[in-house]
Amino acid sequence: MTINKTRTISADVAVIGAGAAGICAAIAAAKSGARTVLIDAGPMPGGELLTGMAVDGALNARGEWILGGVGRELFEECARLGGYIGPLNDWRLIWYVCFDPEVMKLAIARLLGRYGVTLLLHSFLYDAEVKDGTVKAAKVLNKSGHMHIRAPFFVDASGDGDLAVLAGAAFDLGGKDGEFQPLSMMFRMSGVDTPSLLAYVQSFPENFALGESDAIRGGRTDAQIAQELLKQGQPTVFIKGDGKVLSDAIAQGQMYPTALIMIQPTSSARREVCLNTTRVANVNALDTQQLSSVLGTLAEQIETCTNFMKNYIPGFEHAFFSGMAPRIGIRETRRIQGEEALSEQDVLRARKNENGIGKGSHHVDIHQDGAGQIRIPVDGGGSYDIPWRSLLPKGVSNVVLAGRCVSADRAAHGSVRVMGPCMAMGQAAGTAAALLATQGNGGDLHQLDVQYLRDCLRKDGAILDGTY
């Protein structure tokens, strides 16, 4: 088949990437009155929201909501459709927001349709028309041929910062020695007996990561924390790699080296949980061949872990594999160099910023090769502000970042890359682009009045103030 046809699509705001950040950006832009197109290379919008992984960083370790607005509206739609579990504490470091990823697919589709977002799936960004630091058009390829997406403003929610780089933005890549955090594949098991699992935590708390944050521990012993997990009554636990049951299995070759087996509920009706544990480190996910080559290894690890859970973890004796994520999970590639970079100390000291456009609370979280992982909690179980200028790539006037390509040092990126802050960044980016686009005069995102943007975000439910 020869593809030589070129079509043009015009919009007020074009969003590249339909993951958690891109969905929130597109909805926010459309709610603000902008004609919005959302473009993704995959077959389904949702990204990591569809993997079974819960949303981290929507609440701080104290249990305060720090995500509002569009993100919360998405959770409410999931609840309306019967697939919302809600916030849960792992009694380790953080709170999660748990839900059924199959229902989340419906929730996303319903909200995008409700607000009139034009969705363009199966469409791969391959180039951009750029003049003097301004993107005139994003060039995508699909079965209909070449498409030029023209808009005065673009949101780069691609994860890898693809559009920003095509526009000339500089970036940092992985760690200083060329290392990359592991790729993972989330998977699910159904038929889990939660009471048996939680009783096991009570009997053998040394196998589980408990109270790693002083704000979570609150002076409790491990036994007391295990009791709190029992009272919560949900299969939300973290088997640690250096605990006896998992370290022995790794030593005996019955498990691959891993820092963790994170267990989170996805469906009470199916007694189903998501497991986050598989890992292949130091793969450059910008290299398609490298990325594709790890699928077999990750699939093998899923089989290995499923057998380990059934054979060694009470509550999983009669559980069974019930699904895996629709794509490989990528923790880091590019970090675009912005007008400001979120820093490790901003995160760890829970710093507030008068130009903040959203919040994060996740610990500094850098997964390493084998069983290694760095986990450093935010002071006092609090939250930090994400500065507006960290969303603005240097030298590019009409592209705003949202998601894990945001400007940050590597340690800060290990916190801000998770879905809660990505959703907050998405709402801010989409709203900002729409504010300028609907004025009809073009403009430079770098010149936008950030206090006006903050006022607009508050009116649409974003949480910018009043949390620890």
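Here, every reference points to the structure presented above.
Residues numbered from 1 in each chain as written. Predicted model: local features only at pLDDT ≥ 70, side-chain atom pairs only at ≥ 80, totals over all residues. Heavy atoms only, no water.

S.K.: Which residues make up the overall build of the protein, and what values go with them?
M.R.: Along the protein, the regular secondary structure elements total 14 helices and 23 strands. On C-alpha atoms alone, the protein measures out to a radius of gyration of 21 Å, which is about the 23 Å that the 2.2 N^0.38 rule sets for 468 residues. Principal-axis analysis of the C-alpha atoms places the extent of the protein at approximately 65 × 55 × 45 Å. Contacts in the protein between residues at least 24 apart in sequence constitute 75% of all its contacts with a sequence separation of at least 6. If you sum the accessible surface of the protein, you get close to 17,100 Å²; carbon and sulfur atoms cover 48% of it. Across the protein, 44 positive and 49 negative side-chain charges occur, with their mean positions spaced 4 Å apart. (Helix = DSSP H or I, 4+ residues; strand = E, 2+ residues; numbered from the N terminus. Rg over C-alpha atoms; globule rule 2.2 N^0.38 Å. Contact = heavy atoms within 4.5 Å. Areas by Shrake-Rupley, 256 points an atom, 1.4 Å probe, with all protein chains shown as cover. Lys, Arg positive; Asp, Glu negative; His and termini not counted. Charge placed at Lys NZ, Arg CZ, Asp CG, Glu CD.)

S.K.: Any details on the packing of aromatic side chains? Residues and values, ideally.
M.R.: Under the counting rule described, the total for this entry stands at six aromatic pairs. For the ring pair Phe75 and Phe99, a centre distance of 6.3 Å and an interplane angle of 35 degrees mean the geometry is tilted. Taken as a pair, Phe75 in helix α2 (residues 69-80) and Phe99 in strand β6 (residues 95-99) lie far apart in primary sequence, 24 residues in all. The exposure class of Phe99 is buried, given its relative accessible area of 2%. One aromatic cluster in this structure is built from Trp65, Phe75, Tyr84 and Phe99. (Phe/Tyr/Trp six-rings, centres within 6.5 Å; stacked < 30°, edge-to-face > 60°. Buried < 20%, exposed > 50% of the residue type's maximum accessible area, 1.4 Å probe, protein only.)

S.K.: Describe the sheet that holds strand β9 (residues 134-142), naming the residues involved and giving the relevant values.
M.R.: Pairing in this open sheet of four strands is mixed, and the strands run β1-β10-β9-β8 from one edge to the other. Where the open sheet ends on each side, the last strands, each with one partner, are β1 (6-10) and β8 (124-131). Across this sheet, the average inter-strand angle for adjacent strands is 25 degrees, counted without regard to direction. Pairing geometry for β8 and β9, over seven bridges, is antiparallel. (Pairing = 2+ DSSP bridges. Axes fitted to C-alpha atoms, helices over the stretch in contact; angles between N-to-C directions.)

S.K.: With reference to specific residues and values, describe the pattern of salt bridges.
M.R.: Applying the stated rule across the entire model yields 32 salt bridges. We note a salt bridge from Arg335 to Glu332, for which the minimum N-O separation is 4.0 Å. With a relative accessible area of 2%, Glu332 lands in the buried category. A salt bridge links Asp455 to Arg458; the shortest N-O distance between them is 2.9 Å. One end of the pair, Asp455, and the other, Arg458, are both in helix α14 (residues 450-459), three residues apart, so they sit about a helical turn from each other. (Salt bridge = Lys/Arg side-chain N within 4 Å of Asp/Glu carboxyl O.)

S.K.: Residue-level account of the environment of Ile216, with values.
M.R.: Assignment of secondary structure puts Ile216 in helix α6 (residues 214-217). Distance from Ile216 to Asn89, taken between C-alpha atoms, is 8.8 Å for residues 127 residues apart in sequence. Not counting the four nearest positions on each side in its chain, Ile216 is found in contact with Ala61, Asn89, Trp91, Arg92, Leu93, Ile94 and Gly211.

S.K.: Please provide a residue-by-residue account of the pairing of strand β2 (residues 13-16), values included.
M.R.: The alternating pattern of β2 places Val13 and Val15 on one face and Ala14 and Ile16 on the opposite face, and all of these are buried. Where β2 meets strand β3 (residues 36-39), four bridges bridge the pair, whose relative direction is parallel. In the strand pairing of β3, Ile16 is matched with Ile39. For the segment spanning β2, helix α1 (residues 20-31) and β3, crossover handedness is right-handed. Alignment of β2 against strand β11 (residues 153-156), held across four bridges, turns out to be parallel. Note on β11: the bridge partner recorded for Ala14 is Phe154. (Right-handed = clockwise from strand over helix to strand, strands pointing away.)

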